[in-house]
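# Architecture and fold: a report
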Amino acid sequence: MGNKKETPDVNASSTADIAFLLLVFFLISSTMTSDFGLGRMLPPIAPPDQTDAPIIKERNVFTVQLNYKNQLLVRGEWMENVDQLKAKAKEFIENKYNDPNMPEKVDTEVPLFGNVPVSKGIISLQNDRGSEYQAYLKVQNELQAAYNELRNELAKKKFGKNYEDCADEEQDAIKKIYPQRISEAEPKNYKK
Amino acid sequence: MAVIRKSKKKGQFKVNTSSLPDIVFMLLFFFMVASNMKEVTLIVKVKLPEATEVTKLEQKSLVSYIYVGVPQQSKKYGTEPRIQLNDSFATVDDIENYILQERESLKESDRPKMTVSIKANDQIQMGTITDIKQALRKAQALKISYAARKAERNKR
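We now turn to the structure provided with this report. This one's a predicted model, so the numbers in the text were calculated from it and none came from an experiment.

Thresholds, definitions, all that
- Residues numbered from 1 in each chain as written.
- Chains lettered and ligands numbered in written order.
- Predicted model: local features only at pLDDT ≥ 70, side-chain atom pairs only at ≥ 80, totals over all residues.
- Heavy atoms only, no water.
- Axes fitted to C-alpha atoms, helices over the stretch in contact; angles between N-to-C directions.
- Helix = DSSP H or I, 4+ residues; strand = E, 2+ residues; numbered from the N terminus.
- Parallel < 35°, antiparallel > 145°, perpendicular 65-115°, else oblique.
- Left-handed = near helix turned anticlockwise from the far one by under 90°.
- Contact = heavy atoms within 4.5 Å.
- Nonpolar A, V, L, I, M, F, W, Y, C, P; charged D, E, K, R; others polar.
- Salt bridge = Lys/Arg side-chain N within 4 Å of Asp/Glu carboxyl O.
- Buried < 20%, exposed > 50% of the residue type's maximum accessible area, 1.4 Å probe, protein only.

A few words on the packing of helix α2 (residues 83-94) of chain A against helix α3 (residues 133-159) of chain A. Between two packed helices, what matters for the description is the angle formed by their axes and the separation of those axes. All names here are of chain A. Look at α2 against α3: their axes get within 8 Å of each other, and the N-to-C directions meet at 45°. Considering the angle they form, α2 stands oblique to α3. The element α2 and its partner α3 pack so that their crossing is right-handed. Touching Asp83, Leu85, Lys86, Ala89, Lys90, Ile93 and Glu94 of α2 are Val139, Glu142, Leu143, Ala145, Ala146, Tyr147, Glu149, Leu150 and Glu153, all from α3. Residue composition of the contact of α2 with α3, grouped by class: nine nonpolar, no polar and seven charged.

Laid out in structure tokens, this is it:
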């Protein structure tokens, strides 16, 4: 009965150690980096009764072929460097001067813009089974870049700001004018 | 002089550490919230290719992963590129089942938003990827993402 002045005290000095242990565990088992990637939509599988693909005019298709040596064939012409692809694709999608070899345009009613000619261009990407993944992704990346830049240019012209900074409805309108049409064709195996 | 005398009298000077656990717990909670657990232990080598136009994958819970690469223990499992689902090797035929399973585990309203992230090594050949893509189409998992490292575009 002598220890009136002392209150029973839990020794809490090890809580820090326990918390540190937990902290270290989470540091090790977690990854801070978030995932980045190129988003794509795959085409649904064609119904079995559909035999032939819809016919698309040649002027509306921008074919990109990648062979097993990672060489590019763009609309029937060799392309030495992937870096040229973006400019080519942009030129094709935009079709500034209504070139008869470039895609047709259809006047479409777009909110915020009114009646605007929208190109019917489709980018068709074919690859060989032997192509390298890095090369393939680089091509995909360049095509994406072409679309992104066109959208950005339009956003700057119309709304005076970058595409990412636009409101949702503004982005939707721009997407309608430059719809992303990248078709990943069924694979072909040229190498025998 | 006064200071020295005081410390001599009281003995060792002590830092009050009673708030240390609180600080550490705060750090702990920060890391728990800001980080996400490693999904799986990789048994294939995955060195992601680089791309500049990447977008961030939102909502981790809706993403399923497919890993493609050469086995890490190449002496044991060979040097052919293999597919990894969850924690084990798989073949292209397993993908359909895997997707169905992953879809089952999601809420019904979230199912259309499911995304499949393909994490493949940059050196592998497209044949494997093409097979995976066909399998995904069969499984009706059409929203995919080619995982890539973010790189800056070099200006000329």
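Picking up where we left off.
Residue and element names in this part refer to chain A. Throughout the structure, instances matching the rule amount to nine salt bridges over all chains. Across the pair Lys88 and Glu77 runs a salt bridge, and its minimum N-O distance is 4.0 Å. Pair noted here: Lys88 is in helix α2 and Glu77 is in strand β5 (residues 77-79), with a separation of eleven residues, a long-range link. A residue is classified by how much of its surface remains accessible, and Glu77, at 48% relative accessible area, is partly exposed. The network of salt bridges with shared partners includes Lys86, Lys90, Glu149 and Glu153.

The subject of this paragraph is the packing of helix α4 (residues 92-104) of chain B against helix α5 (residues 126-138) of chain B. Residue and element names in this part refer to chain B. Between α4 and α5, the shortest axis-to-axis distance is 9 Å and the interhelical angle comes to 35°. Where α4 crosses over α5, the handedness of that crossing is right-handed. Contacts between α4 and α5 involve Val92, Ile95, Glu96 and Ile99 from the former and Asp131, Ile132, Ala135, Leu136 and Lys138 from the latter. Here the residues of the contact of α4 with α5 are counted per class, giving six nonpolar, no polar and three charged.

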